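Residue-level listing of the chains:
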Amino acid sequence: MKLFPQELSWLAFNERVLQEAADSSVPVVERMRFLGIFSNNMDEFFRVRVADVRRRIFLAQSTEEHAASEPLMAEIQQRVLALQDKFEVIYKDVLKALLRKNIRVIDEQHTTEQEREWLSTFFREKIKRYMVPLLLGPNTDLIKAINEEATYLCIEVCHGESIRYAALEVPTDEFPRFIKLPFKHAKRQKRVILLDNVICLRMADLFQGIVPFDSLRAFSFKLTRDAEYRLPYDIEQSVLEQMEEGIRQRFEAEPVRLVYDADMPRNMLFFLHDKLGLTSHDSLVPGGRYRNTRDFVSFPNVGHKSLVNPPMQPLEHPHFTQHCSVFEAISAQDILLYYPYHKFAHLTEVVRQAAYDPLVQSIQICIYRVAKLSRIVHSLVEAVNNGKKVTVMVELKARFDEEANIEWAKHMTQEGIRVIFGIQGLKVHSKLLLIRRRHPTNAEQSQLFAHIGTGNFNEKTAQIYTDFSLFTADEGICKDVEQVFQYLEAPYKRFSFDHILVSPVNLRDSLERFIDREIAHAQQGQRAEIFIKVNNLVDARIIERLIRAARSGVRVRAIVRGMCALKVPTDVRGSIEVISIVDRFLEHPRVYWFYQGGKEQLFIASADLMTRNLDGRVEVASPIYNTQLQQQIKDILELQWQDNTKARVIDAEQTNAYRKRGNRRKVRSQMAIYDYLKADIKRLQGDAHD
């Protein structure tokens, strides 16, 4: 069985993001922001996946491993350059589209005298104080000095016959990358200039009287490092200290990519190449004048509101609003939320009420990524102040959120929260909340209330990620969730879960067993179906079983947002179908649905179908027992399957062809789901009145 390389599949996913930037039906400011999302994704791709291939080349344990990694790296570099070329073409097209909407992005060469005067004052009074050029000499450690999060200008300083170079960080932490110029122009044109260009306009001010020069030229560049770090295992160090030491390694990690202005002089490029110690296995990616284009995510809308997506008002769930407290609501029946269509505030309200409800005894929660100003953490602190027992499992190794989570762990510990760090060697990726509350009519008894979700407890990402949240008082599920928290503190004990699926305990075995049952039903001539929605489908054992199922007559459908290693064999095309949806919101839920001879089993989960999720992380999949909630999830999946506007077919070569609409009505699933949920709320409200 031949799999599609994960790294190339990831690039195919990012090409789908780039397709959104190219789509003229997308509001033009959103197109610019998609360019930023593409760039941000590419940064992470190099920091993680390309860095991993690079390590495999240098540290290969066998000639076979080395032989496989070399051509893969070459293919990656080729495809990256092709995508960068597409990016530049689309960027120019977006600038033209903005101009048609009376928004012009200018550089320093196209400023008016009035604008130059204003920008000179702005530079002198606001920007200059943050500008400290790094003069590059023979002993300058550029690798250590460069911050990969930042944008840099490499400045050529010519004086007489000598040429020297300086690196200058663009202070995007202090100023927005895009600056709106405060002047009226013909045809009501609004003009925007990049911070980089403002610096180039007044660059001489930085060197005048300090570093002699006859001429100055500046060209942008950006460095990407290997994101991997190795933790020390010193028995004298705490887990926090080990993590802090490991993260510090990133600031000196080896470069894996240099992106630079294609107009950069060759001598300057060679100088940077040598200073950064780049090898033939590292990527040199030329592009337009501006690097670190992930900042385009925050491109401002200085024009009409139609230039961005219309606001979508999150829906209030009637099962929460019809009860005096969240605990009454959850006791009455299971509640399912689907963000960002439903209000994430329902979840924060559960934690807020738990923080001061006199009947609540304890709160346990797993934190992977939280918002910078987290209302949930604030409520947890207040719960401690109100005498509740609060335990927070913080995943310190949440990639790129390690530093934030270390600070949260310190803060919560100082506030009296009991903080634990899970199991060595296993990331805790499950999205669990468990509340123990005394029974309102019997003080000797207590009730458990659980939340199991597919996404993080993060108010910010819940506005742009689609995710399911299940709130339940089901005794069996809640007791299983309680066992997960026990497992996190005592992994050496044996645990059995009767309802939920937990990796690495029983999730893989359960999924394989469900697939095998579908195969058996198909072989008996019965209806057999599997429907999966995940971010990534790359686990070889699961893929092999899905192909075997299709060959046995099982209908297999998959919606995969990101990487898909499944190459559908010719003999089962039509039996296995895979699509991907990239649209306004980032598709993030994981759902597993099995027909099971009519006794349908449907799970929402935190786990993608990747080996790391099934075997190397603590993940949880929860069954949905309520038949109405089951039907709601199935309806949502079917709406997505019918998408003929934003759905791409994932074929054997991952060419990202849009699904053909034919003469069918237009279906854009993300908008259709919002309408569906609004109608469902009206139905529920009508039932309540009856």
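Here the residue numbers are simple positions, counted from 1 along each chain's written sequence. Side-chain atom pairs in this predicted model are given and counted only at pLDDT of 80 or more, local residue features only at pLDDT of at least 70, and totals for whole chains, interfaces and linings cover all residues. No hydrogens and no water enter the side-chain calculation; it runs on all heavy atoms of the structure.

(A) Expanded view of empty space enclosed by the protein. Think of a 1 Å grid over just the protein atoms. A cavity is a set of points where a 1.4 Å probe fits yet cannot get out, a pocket is an open set with protein on both sides within 12 Å along at least five of seven lines, and lining residues have an atom within 4 Å of a point. Grid points are joined across faces, edges and corners, and a volume is the space filled by probe spheres set on the points. In the structure shown here, the tally under the stated rule is 5 cavities of 30 Å³ or more. Of the pockets and cavities examined, the largest cavity occupies roughly 130 Å³. Surrounding the largest cavity, 14 residues form its lining, S39, Q84, R257, R291 and T293 being those nearest its centre. Looking at the lining of the largest cavity, the elements that each hand over two or more residues are helix 2 (28-58), helix 3 (63-100) and strand 8 (255-261). Each helix is a run of DSSP H or I of at least 4 residues and each strand a run of E of at least 2, with the numbering of both proceeding from the N terminus. The element best represented in the lining of the largest cavity is helix 2, accounting for 4 residues. Classification used: nonpolar for Ala, Val, Leu, Ile, Met, Phe, Trp, Tyr, Cys and Pro, charged for Asp, Glu, Lys and Arg, polar for all others including Gly. Class assignment for the residues of the lining of the largest cavity results in 6 nonpolar, 4 polar and 4 charged. Estimates place the volume of the second largest cavity at around 80 Å³. Along its surface, the second largest cavity is lined by 14 residues, and Y339, F344, G455, N456 and D467 are the ones closest to its centre.

(B) Spotlight on unusual backbone geometry. With an omega of -5°, the peptide bond between Y339 and P340 qualifies as cis. Considering the arrangement of structural elements, one finds P340 in the loop between strand 10 (335-339) and helix 12 (345-356). Residues S503 and P504 are joined by a peptide bond in cis, for which omega reads 5°. A positive phi is found at N102, a non-glycine position, where the angle reads about 65°. Looking at the secondary structure, you find N102 in the loop between helix 3 and strand 1 (103-106). Residue class for N102 comes out partly exposed when judged on its relative accessible area of 27%. Phi at N292 takes a positive value of approximately 55°, unusual for a residue other than glycine. Relative to the helices and strands, N292 is located in the loop between strand 9 (283-287) and helix 10 (318-321). Using a 1.4 Å probe on the protein chains alone, a residue whose accessible area is under 20% of its type maximum counts as buried, one over 50% counts as exposed, and one in between counts as partly exposed.

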